[in-house]
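One-letter residues, chain by chain:
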Amino acid sequence: MMKFQKIYIEISDICGLDCSFCPSMKNTRGKMPLWLFQKALKDCSSYTKLIALHILGDPLKMPNIREYLAIATNYNLNVEITTSGVYLNEFEFLLKSPIRQVNISLDAVMEIKSSHLRKQIFRKIFDFCRTRMESQSEVFINLRIQKRAQNKELLNILQEEFKMPISLDSNTRIGKKTIIVVREPFLWNLESAKSHHIKHTKGFCYALQTHFGILANGDVVPCCIDVGGNIILGNIAKDSIATIFNSNRTKSMIKGFKSGIIVESFCIDCSFRKQFDWFIV
Ligand code: SF4
Ligand code: SF4
């Protein structure tokens, strides 16, 4: 049976922010109803041990996030949360099972215009980190920053808080299971992808082999990059994962990537995929 390292599930595409580096198509699908989440997990739990509650949106903006976590617990699934930290008000529950990792996008916080609000949010994030570092929790915290020249101010904020050198050249461990993770800047390829008609060019991607995604409306997509649902492979409300992975479209993508060939035009300009280009020269 197929097994995936992780399945991305978007419980809502609402985040309340408007980051310049993010596609502007948020809040079109809304919230994934609990019944649909339950149905998705019932099927997913045979294929993975880990779900990531993110594609677009901020799962912590959901007032009933604990109900989603309870369902994950019922299916014995570990949960990864990706958040901006803006809605990080209570955080004790984030340091317990089923949560395994919390990723906080510090770049999203830096996009907030009001410096007063930014400070307040950083304070909450740093308090969360300190609570985690002083606890026996098994949860990992990744503070994510992009390798961008304009992140000097962010580095200063972090160095002042954690009293240690922090650079954009490598990750920095700031305490127990708490790491600042530097990532290459990422650009979504939503617009340029539409203009491509040429398929079957060279390229590799791990999508559909190590992971896939489910949008808040139940649409199944190959990856967390496809935030606009350009490659809809099925819908979890009516199709089983087995059926979706037996479809010609899905099989053709998997077969293509395995032999270093892109079969979906949407994948041609994907900057995430391009990091694997050295595989297939
Ligand atoms: S990057 Fe994240 S926090 Fe920022 S607008 Fe996009 S979904 Fe919202
Ligand atoms: S190439 Fe990009 S868009 Fe295509 S499946 Fe991979 S990550 Fe998704």
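Details of the structure are given in the entry above.
Residues numbered from 1 in each chain as written. Chains lettered and ligands numbered in written order. Predicted model: local features only at pLDDT ≥ 70, side-chain atom pairs only at ≥ 80, totals over all residues. Heavy atoms only, no water.

Q: Go over the overall build of the protein chain, please, and point to the residues and values.
A: A tally of regular secondary structure across the protein chain gives nine helices and twelve strands. For 281 residues, the compact-globule estimate of 2.2 N^0.38 gives 19 Å, and the protein chain sits close to it at 19 Å. Structurally, the protein chain occupies a C-alpha span of about 55 × 45 × 30 Å along its principal axes. In the protein chain, which comprises 281 residues, the proportion classed as buried is 55%. For the protein chain, restricting intrachain contacts to residue pairs at least 6 apart in sequence, the fraction spanning at least 24 positions comes to 68%. Charged side chains of the protein chain number 38 positive and 26 negative; the gap between the two group centres comes to 4 Å. (Helix = DSSP H or I, 4+ residues; strand = E, 2+ residues; numbered from the N terminus. Rg over C-alpha atoms; globule rule 2.2 N^0.38 Å. Buried < 20%, exposed > 50% of the residue type's maximum accessible area, 1.4 Å probe, protein only. Contact = heavy atoms within 4.5 Å. Lys, Arg positive; Asp, Glu negative; His and termini not counted. Charge placed at Lys NZ, Arg CZ, Asp CG, Glu CD.)

Q: An account of helix α4 (residues 115–133) is needed here, citing residue identities and associated values.
A: Here α4 contains 19 residues, and its C-alpha end-to-end distance of 26 Å stays within 8% of the 27 Å for a straight helix at 1.5 Å per residue. Where α4 is concerned, the buried positions are R118, I121, F122, I125, F126, F128, C129, R132 and M133. Buried residues of α4 fall within an arc of 155° about the axis and therefore sit on the same side. Of the exposed residues in α4, those oriented more than 90 degrees away from the buried face are H116 and K119. (Expected span 1.5 Å × (residues − 1). Arc of directions from axis to C-beta.)

Q: Could you give an account of the packing of aromatic side chains, with specific residues and numbers?
A: This model, assessed by the stated rule, comprises nine aromatic pairs. Aromatic pair F4 and F245: ring centres 5.2 Å apart, planes at 50°, arrangement tilted. Placement of F4 in the segment before β1 (6–9) and of F245 in helix α7 (residues 241–245) is noted, with a sequence separation of 241 residues between them. Judged by its relative accessible area of 6%, F245 is buried. For the pair F37 and Y68, a centre-to-centre distance of 5.0 Å together with 65° between the ring planes defines the contact as edge-to-face. Of this pair, F37 sits in helix α1 (residues 34–44) while Y68 is found in helix α2 (residues 65–74), placing the two residues 31 residues apart along the sequence. By relative accessible area, Y68 is classed as buried at 3%. Every member of this aromatic cluster is reached through a ring pair, and the members are F4, Y47, F212 and F245. We note R66 situated over the ring of F93; from NZ or CZ to the ring centre the distance is 4.2 Å. (Phe/Tyr/Trp six-rings, centres within 6.5 Å; stacked < 30°, edge-to-face > 60°. Lys NZ or Arg CZ within 6 Å of the ring centre and 35° of its normal.)

Q: Got a sec to walk through the sheet that holds strand β3 (residues 78–83)? Specific residues and values, please.
A: Strand order in the open sheet formed by ten strands is β6-β7-β5-β4-β3-β2-β1-β9-β10-β11, with mixed pairing between adjacent strands. Every other strand in the sheet has two partners, leaving β6 (172–175) and β11 (234–235) as the edge strands with one partner each. Inspection of the sheet shows strand β9 (residues 211–214) paired to strand β10 (residues 219–221) by two bridges, in the antiparallel sense. In the strand pairing of β10, G213 is matched with V221. The strands that α1 touches are β1, β2 (50–53) and β9; relative to β1, the one it contacts most, it runs at about 170°. The strands that α4 touches are β4 (99–105), β5 (140–146), β6 and β7 (178–183); relative to β5, the one it contacts most, it runs at about 145°. (Pairing = 2+ DSSP bridges. Axes fitted to C-alpha atoms, helices over the stretch in contact; angles between N-to-C directions.)

Q: Requested: an account of the site of ligand 2, with residues and values cited.
A: Contacts to ligand 2 come from C205, A207, P222, C223, I225, M253, F266, C267, C270, F272 and R273. Given that more than half its atoms are within 2 Å of the pocket grid, ligand 2 belongs to the largest cavity. (Near = heavy atom within 4 Å. 1 Å grid on protein atoms, 1.4 Å probe; cavity = no way out; pocket = protein on both sides within 12 Å on 5 of 7 lines; lining within 4 Å. Sits in = over half its atoms within 2 Å of the grid points.)

Q: Give a detailed account of the pattern of salt bridges, specifying residues and quantitative values.
A: On inspection of all chains with the given rule, the structure shows twelve salt bridges. Close ionic contact of E184 with K147 constitutes a salt bridge, the shortest N to O distance being 3.8 Å. Here E184 is found in the loop between β7 and α6 (190–194), whereas its partner K147 is found in the loop between β5 and α5 (152–162), with 37 residues between them in sequence. Judged by relative accessible area, K147 falls into the partly exposed class, the value being 35%. (Salt bridge = Lys/Arg side-chain N within 4 Å of Asp/Glu carboxyl O.)

Q: Before we move on, can you summarise the nonpolar core with the specific residues and values?
A: As a rule of thumb, nonpolar side chains are buried together in soluble globular proteins. Counting residues in each nonpolar core, the largest one holds 94 residues, and the members touching the most others are I9, F37, L53, L94, I125, L143 and I214. Among all residues touching L94, those that are not within four sequence positions of it are L60, I81, L88, I99, V102, F128 and V139. (Core = buried A, V, L, I, M, F, W, Y, C linked by side-chain atoms within 4.5 Å.)

Q: So, the pairing of β9: which residues are in play, and what are the values?
A: Residues of β9 alternate between two faces, with H211 and G213 on one and F212 and I214 on the opposite face, all of them buried. Summarising the sheet, β1 and β9 pair through four bridges and their orientation is parallel. Bridge pairing in β9 places K6 opposite H211.

Q: I'd like a rundown of the pairing of β5, residues and numbers included.
A: Within a regular strand, side chains alternate between the sheet's two faces. Burial of β5 is extensive: six of the seven residues sit out of reach of the surface. Across five bridges, β4 lies against β5 in parallel orientation. Bridged to Q101 within β5 is F140.

Q: Can you lay out the layout of surface pockets for me, pointing to particular residues and giving the numbers?
A: The calculated volume of the largest pocket comes to roughly 1400 Å³. In terms of lining, the largest pocket is formed by 41 residues, of which the most central are Y8, R144, R183, C224 and I225. Secondary structure elements with two or more residues in the lining of the largest pocket: β1, β3, β4, α3 (106–110), β5 and α9 (271–274). Looking at the lining of the largest pocket, its residues break down into 19 nonpolar, 13 polar and nine charged. Taken as a whole, the second largest pocket holds about 250 Å³ of empty space. Looking at the second largest pocket, the residues that line it are S115, R118, K119, F122, R123, F126, E153, I157, E160 and E161. Those elements that provide at least two residues to the lining of the second largest pocket are α4 and α5. Examining the composition of the lining of the second largest pocket, we find that six residues originate from one element, α4, more than from any other. Partitioned by chemical class, the residues of the lining of the second largest pocket number three nonpolar, one polar and six charged. (Points joined across faces, edges and corners; volume = space filled by probe spheres on them. Nonpolar A, V, L, I, M, F, W, Y, C, P; charged D, E, K, R; others polar.)

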